[in-house]
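# Coordinate analysis (summary)
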Amino acid sequence: MAARAHPATAPRGTYSLATRLFLAQLLLVALVTAALSMTSYATAQSRAQEATGARVLSIAETLANDPFVVQAVVSSDPSARLQPYARKITAMAPVDFVTIMAPDRTRYTHPNPRELGRHYIGSIDSALAGHSQIEEYVGTLGPSVRAIAPVFDDGGTVVAMVAVGVTLQTLSLTQAAALPAILWVAFGAVVLGGIGSWMLSRYLRRVTLGFGPEELRSLFAYYDSALHSLREGLVLVDEKARLVLYNDQAADLLGLPPAGALKPAPVASLGLPETVAELFASGRRAADEIHLTRDRILVISQQRAAQPDTGPTARFPFRWAPALRRGASNARAASAYLGTVATLRDHTELQALTGELESMKTLSEALRAQTHEHANRLHTVATMIELGREREALDFAVQDRQESQRLTDEFVQSIDEPFLTALMIGKAAQAHERGIRLTMTASGELPPGSLDARDLVTVTGNLLDNAFDAAATSELRSVWADFSAADGVLIISVADSGPGVDTEHLEEIFRLGGSSKTGGPAGGRGLGLALVRQAVARLDGTLDVESDGGAIFTVTLPLLPQLPGADPSGAPHGR
């Protein structure tokens, strides 16, 4: 886990997700801006026509009510009087034409003198009926917005009509003057939208490492398959100490719900073993640390997860990296803490084999010591026989066998557990070899199959090993072991003549890595008592510690009635 693998560079023929989104957003911003600009232009044009219509209507009604116009239209030569007047009004007011006509459409005025006396082109029905109107009509000057107002005499009769208009060409020129402003606004919107899209794409490129959608889909498929195919447990914890991802093996080792069924949750709320939860929450680096669960021995390695820096590529040349511009290293630019990745390996079976190997080693050492002792005894017996002292030789020969048989008979009659009996005989030989006095007592009956034999051997063997180490430093060099089975419980008491333990720091002693020993090699220390605590917890028992002239460990284990067909050894099937 020390080396970090960098994702493979994306193929040159593809674009990253960030690039695609940038181009798509830029095109969308351009299209939206163009649509809004055209809509704004059309709206402004419509409003300009409405405003022009209202203005020419006001001028037409004003002229229709002018006494000069009323008198001129009934004179003998209306054109002679009204044409100069109309030209003056056209020059003063921002209009293209002022046409005054008779009720029969005959023009009295027109911008083009050749049109005088000809018929007016447009609608006059509303004006003849005495009402003003606004319309868009194609006349001699082209399409125009015009207003027509009736001219009444003193009797209220329509004697003439006044038409005032502005051509659409003039309106277009007026609107064209405002078009640069609209284009500048549109250009500014495109630029701002492009900058926003670029900033978003830069962020997406950073978080997606420059991969395209197809590559991300492939990577997810590969990583998900690799995650669930690993035979080791894999756990991912984010920067907020939340468990966010784990595979099936980790779920089995830690007793978690099936992989994928748990949403990100704080490590402290998952009911993990204390030391495992502390490791995951701390985010510290760990290499092959041993941790205990209720029924497993786990080896955990953990390191921080960091985002790899793939660097700018030709496919996306706009990447901006302030840290790199300031001369910082790539590692510093990519040092953001994203959480931790931990691997878990199950060493339960390996530790069991190690325990069996240790037991065999103890037994072989005991046999070696006994072989050496028996060789000495045989030489002595042979010499005594040669001296004619056969009776003394016989008593001397059977003395040690009777002691071993007494110990065996005592355990078989009281605690009928062959594995425990074999362990105690071996430990007695080990104590004799180390010059330690081991006193063993037993009472009551232990029903066959009422306890897991391996857990029972783990508890007893580790407590005796710790007691031997402690007693070896004292003057008395004594260890006492008592087994009492009564009232549905087995009580195991192991005491030594050593310096005792600090009862105020019992929790530290039983934590993994803690030890009641002083001195000795550091490697592998603290595992024995932790295994004792784990085995006692599996058996639903209790463990008490006292210090009275030496350490006294008392284990109370509830006895279960043997089920029909149970393994007499007490070892559960399938473990």
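Residues numbered from 1 in each chain as written. Predicted model: local features only at pLDDT ≥ 70, side-chain atom pairs only at ≥ 80, totals over all residues. Heavy atoms only, no water.

### Quick look at the sheet that holds strand β3 (residues 142-152)
Selection rule: What makes two strands pair is DSSP finding at least two bridges between them. Helical segments are the DSSP runs of H or I of at least four residues, strand segments are the runs of E of at least two, and each set is numbered from the N terminus. What counts as an axis is a line fitted to C-alpha atoms, over the stretch in contact for a helix, and the angles between N-to-C directions run from 0 to 180 degrees.
The four strands are arranged β1-β4-β3-β2 in an open sheet whose pairing can be described as antiparallel. The open sheet has two free edges, formed respectively by β1 (97-101) and β2 (133-139), since each of these has just one partner strand. Each neighbouring strand pair of the sheet contributes to a mean axis angle of 30 degrees, computed without reference to strand direction.

### Describing the environment of Val 32
As for its placement among the helices and strands, Val 32 is situated in helix α1 (residues 17-64). Expressed as a C-alpha distance, the spacing of Val 32 and Ala 189, which sit 157 residues apart in the sequence, is 9.6 Å.

### A look at the pattern of salt bridges
Cut-off, in case you're wondering: Any carboxyl oxygen of Asp or Glu that lies within 4 Å of a side-chain nitrogen of Lys or Arg is treated as forming a salt bridge with it.
Tallied over the entire structure, the rule returns nine salt bridges. With a shortest N-O distance of 3.4 Å, Glu 115 and Arg 118 are connected by a salt bridge. Counted as one network, the salt bridges with shared partners bring together Arg 107, Glu 115 and Arg 118.

### So, helix α8 (residues 274-282)
Stated precisely, the cut-off is as follows: To sort residues, take the accessible area from a 1.4 Å probe on protein chains only and compare it with the maximum for the residue type: under 20% means buried, over 50% means exposed, and anything in between is partly exposed.
Within α8, burial applies to Thr 275, Val 276, Ala 277, Leu 279 and Phe 280. Phi for Gly 283, located one or two positions after α8, is positive at around 75 degrees.

### Examining the nonpolar core
Worth spelling out the cut-off: To qualify as a nonpolar core, a set must consist of buried Ala, Val, Leu, Ile, Met, Phe, Trp, Tyr and Cys residues joined through side-chain atoms within 4.5 Å.
One finds Leu 451, Leu 456, Leu 463, Val 479, Leu 490, Ile 492 and Leu 557 to be the most contacted residues of the largest nonpolar core, which totals 36 residues. At the level of elements, α13 (418-434), β11 (437-444), α14 (453-471), β12 (478-486), β13 (489-496), α16 (527-538) and β15 (551-558) are the ones that each hand at least two residues to this core. Looking at this core element by element, the count peaks at seven residues for α14. With 29 residues, the next largest nonpolar core counts Val 95, Val 98, Ala 147 and Leu 171 among its residues.

### With respect to empty space enclosed by the protein
Quick reminder of the rule: In this analysis a 1.4 Å probe is tested at points of a 1 Å grid over the protein atoms alone, and where it fits but cannot get out there is a cavity; an open set with protein on both sides within 12 Å along at least five of seven lines is a pocket; lining residues have an atom within 4 Å of a point. Grid points are joined across faces, edges and corners, and a volume is the space filled by probe spheres set on the points. Following the grouping adopted for this structure description, the nonpolar residues are Ala, Val, Leu, Ile, Met, Phe, Trp, Tyr, Cys and Pro, the charged ones are Asp, Glu, Lys and Arg, and the polar ones are all others, Gly among them.
Here the structure, examined in full by the defined rule, presents two cavities of 30 Å³ or more. Of the voids in this model, the largest cavity is the one considered here, and its volume is about 100 Å³. Residue lining of the largest cavity: Phe 97, Thr 99, Arg 107, His 110, Tyr 120, Ile 121, Gly 139, Thr 140, Leu 141, Gly 142, Ser 144 and Arg 146, and that is the complete set. Among the secondary structure elements, those contributing two or more residues to the lining of the largest cavity are β1 and β3. The greatest single-element share of the lining of the largest cavity, amounting to three residues, is contributed by β3. For the lining of the largest cavity, the per-class residue count stands at four nonpolar, six polar and two charged.

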